[in-house]
Amino acid sequence: MIIIKENMCDFCGACVAVCPPDAIELREAEIRIDEDTCTDCKLCVYVCPIDTLEYAA
Amino acid sequence: MKEKFDVVVIGGGPAGCVAAWHAAKGGASVLLLEKNRSIGPPVRCAEGVGDDGLRLIVEPQPFFIQNRLEGIRFIAPNGSAFEIETEKHGYILNRNVFDFYLAQLAAKEGAEIRTKAYVDSLLLNEGRITGVKFQALRKSYSVESSIVIGADGVESRMGRMAGIRTQLKMKDVESCIQYKLANVDMDTLICNLYFSREISPGGYAWVFPTGEGTANVGLGISGEYGKRYAPKDLLDRFVARLFPAASVLAITVGGVPVTQTLREIVKPGFMLAGDAARQTNPLSGGGIVSGMIAGKLAGQVAAEAVQKGNFSQNALKEYEKRWYKAEGNYHKMYYRLKETIYKLSDDDLNRATQAILKLPAEKRHIINIFKAVLFQKPSLMFDVMILFKDHVKNIINALGK
């Protein structure tokens, strides 16, 4: 699963733009990944400019 | 709050504000929704625009301009550099103030604006988008509309909700980070672009002076290199080398689409504009002017559709047509150029720069520069022949611009 590191996200939306199943919900200062929809493809991990997201097997 | 508007615009950036402004100016009742608590911040942008591009939308005003620029300098991996002769100057905007100004223009024409408004879903009726459901400060609203304009930025959720495939390919998104630096020592009249795989693979680094001693300094790497490189580490290294005495006053990050316009930007009762439609210039990643052009065209077409009472996909396709004529066709060419340039190694770039430096300054137009690049790498000639075949007319037009 993809883990969001606490207090790291800047809410820029780059991850949302590349997410194939649209599993990321992003508000002004809130980010959530829907585990049921997420396919663990890790594109969000790679595109994040400040390594907020992390894959944990 | 009213339950029905002619046009609902989602997203209060330059594309959305200009769309709302022009739709309202054309006589439509308009609601503009912004997700964040304020129009403007957070600004995820290097804030540079050309004078001629800006003037297509608004007159330059001192209160929203931080700095005036007189040239662009390109820096090769080995440090050799050349400047492009530009007759037209450019500006570094103050985007917070600028976006506020655009929203005010929309408000002046009668557009209603709601901030802290998060859209949950689009209303659909028999294949047509007929409105939006949104939350604002914990209250839920349902608003009907004849046309929805999605200008929700790189995320482009509205497009997905409308049934358009908006997902960016990794090679077509730049993963960017920028610092606002203070205590930098540089010429305030020139913006600098650094091309080097070592600095920023599949992208470039920029130094935009924002005033005496301050600059927006950032870089983007292609998403396809995101697995191997961390943009923040690359930027820290770049800044330590160039401006060791500088302090970071602000950090901003973001994804920038560097691709062609989405195949579909119109659905029945729906239009996409700006980053959401992938209408950024794919060569530069610049999106302010092209987003505003798209917003203006979308707003105008929306107002015309309201007047005629025709909101079919066909009627709204007029927006698509005008977009390609104004910008979209050039973006096809810029995309090819981007693909070619990022195939060059650092050695290729160094040699090309030497060749460009041999050109007299007044001959350093984009085409001559590109020719110089190509002679260093004849294997790229094939790509470019395709480019020229498709776009000879565009290139000629672009040169005349």
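Please refer to the structure placed before this passage.
Residues numbered from 1 in each chain as written. Chains lettered and ligands numbered in written order. Predicted model: local features only at pLDDT ≥ 70, side-chain atom pairs only at ≥ 80, totals over all residues. Heavy atoms only, no water.

Draft legend 1. Focus on the overall build of chain B. Looking only at helices and strands, chain B has 10 helices and 18 strands in total. Its C-alpha atoms put chain B at 65 × 50 × 40 Å along the principal axes. Sorting the 401 residues of chain B into buried and exposed places 57% on the buried side. Look at the contacts in chain B between residues 6 or more apart in sequence, and 71% of them connect residues 24 or more apart. Accessible surface for chain B amounts to roughly 17,400 Å². Of this, 51% is attributable to carbon and sulfur atoms. If you average the places of the 52 positive and of the 41 negative side-chain charges in chain B, the two averages end up 4 Å apart. (Helix = DSSP H or I, 4+ residues; strand = E, 2+ residues; numbered from the N terminus. Buried < 20%, exposed > 50% of the residue type's maximum accessible area, 1.4 Å probe, protein only. Contact = heavy atoms within 4.5 Å. Areas by Shrake-Rupley, 256 points an atom, 1.4 Å probe, with all protein chains shown as cover. Lys, Arg positive; Asp, Glu negative; His and termini not counted. Charge placed at Lys NZ, Arg CZ, Asp CG, Glu CD.)

Draft legend 2. Structural detail: the sheet that holds strand S3 (residues 48–50) of chain B. All names here are of chain B. Read from one edge of the open sheet, 3 strands run S3-S7-S4, paired in antiparallel fashion. Both edges of this open sheet fall to S3 and strand S4 (65–69), since each of them pairs with a single strand only. Strand-to-strand, the axes of this sheet are offset by a mean angle of 30 degrees, without reference to chain direction. Here S3 pairs with strand S7 (residues 90–93) via 3 bridges, running antiparallel. Opposite Gly-48, over in S7, you have Ile-92 as the bridge partner. (Pairing = 2+ DSSP bridges. Axes fitted to C-alpha atoms, helices over the stretch in contact; angles between N-to-C directions.)

Draft legend 3. Expanded view of the pattern of salt bridges. Residue and element names in this part refer to chain A. Counted by the stated rule, this structure contains 25 salt bridges over all chains. Arg-27 is the salt-bridge partner of Glu-25, the closest N and O atoms lying 3.2 Å from each other. For Glu-25, a relative accessible area of 29% corresponds to the partly exposed category. Residue classification places Arg-27 among the buried positions, given a relative accessible area of 19%. (Salt bridge = Lys/Arg side-chain N within 4 Å of Asp/Glu carboxyl O.)

Draft legend 4. How the structure looks around helix H1 (residues 14–25) of chain B. All names here are of chain B. Taking 1.5 Å as the rise per residue, H1 with 12 residues should run 16 Å; its terminal C-alpha atoms sit 16 Å apart, in good agreement. Among the 12 residues of H1, 11 are classified as buried, and the element is accordingly described as predominantly covered. Of the surrounding elements, those touching the buried residues of H1 are strand S1 (4–10), strand S2 (30–33), helix H3 (95–108), strand S11 (139–150) and helix H6 (288–308). At the exit of H1 stands Gly-27, carrying a positive phi of roughly 105 degrees. (Expected span 1.5 Å × (residues − 1).)

Draft legend 5. Representation of the side chain of Asp99(B). All names here are of chain B. The residue Asp-99 is located in helix H3 in this model. Of the residues examined, Asp-99 reaches a relative accessible area of 1% and is grouped as buried. A polar contact is formed between the side chain of Asp-99 and the side chain of Arg-95, at a distance of 2.8 Å. Residues within four places of Asp-99 in sequence aside, it is in contact with Gly-12, Gly-13, Pro-14, Cys-17, Ile-39 and Gly-40. (Polar contact = N/O pair within 3.5 Å; in protein donor to acceptor, adjacent residues only side chain to side chain.)

Draft legend 6. Quick look at the pairing of strand S2 (residues 24–27) of chain A. All names here are of chain A. Relative to strand S3 (residues 30–33), S2 runs antiparallel, the two sharing 4 bridges. Looking at the pairing, Arg-27 lines up with Glu-30 of S3. Following S2, the chain reverses through 2 residues before pairing antiparallel with S3.

Draft legend 7. Just the interface of chain B and chain A, in detail. The partner chain A presents 23 residues to the 30 residues of chain B that form the contact. The contact between chain B and chain A buries some 2,200 Å² in all, and 55% of this surface belongs to carbon and sulfur atoms. Looking only at chain B, the three residues that lose the most surface to chain A are Tyr118(B), Arg160(B) and Met170(B), adding up to 25% of its buried area. Where chain B meets chain A, there are 5 salt bridges. The partner of Glu28(A) in a salt bridge is Lys116(B), and the shortest N-O contact between them spans 2.5 Å. Counting every contact that joins chain B to chain A gives 9 residue pairs in polar contact (both at pLDDT 80 or more). For the side of chain B that touches chain A, the secondary structure elements donating two or more residues are strand S9 (117–125), helix H4 (157–161), strand S12 (173–182), helix H5 (231–242) and strand S16 (247–257) of chain B. The residue makeup of the side of chain B that touches chain A, split by class, is 10 nonpolar, 9 polar and 11 charged. (Buried area = accessible area lost by both parts, 1.4 Å probe. Nonpolar A, V, L, I, M, F, W, Y, C, P; charged D, E, K, R; others polar.)

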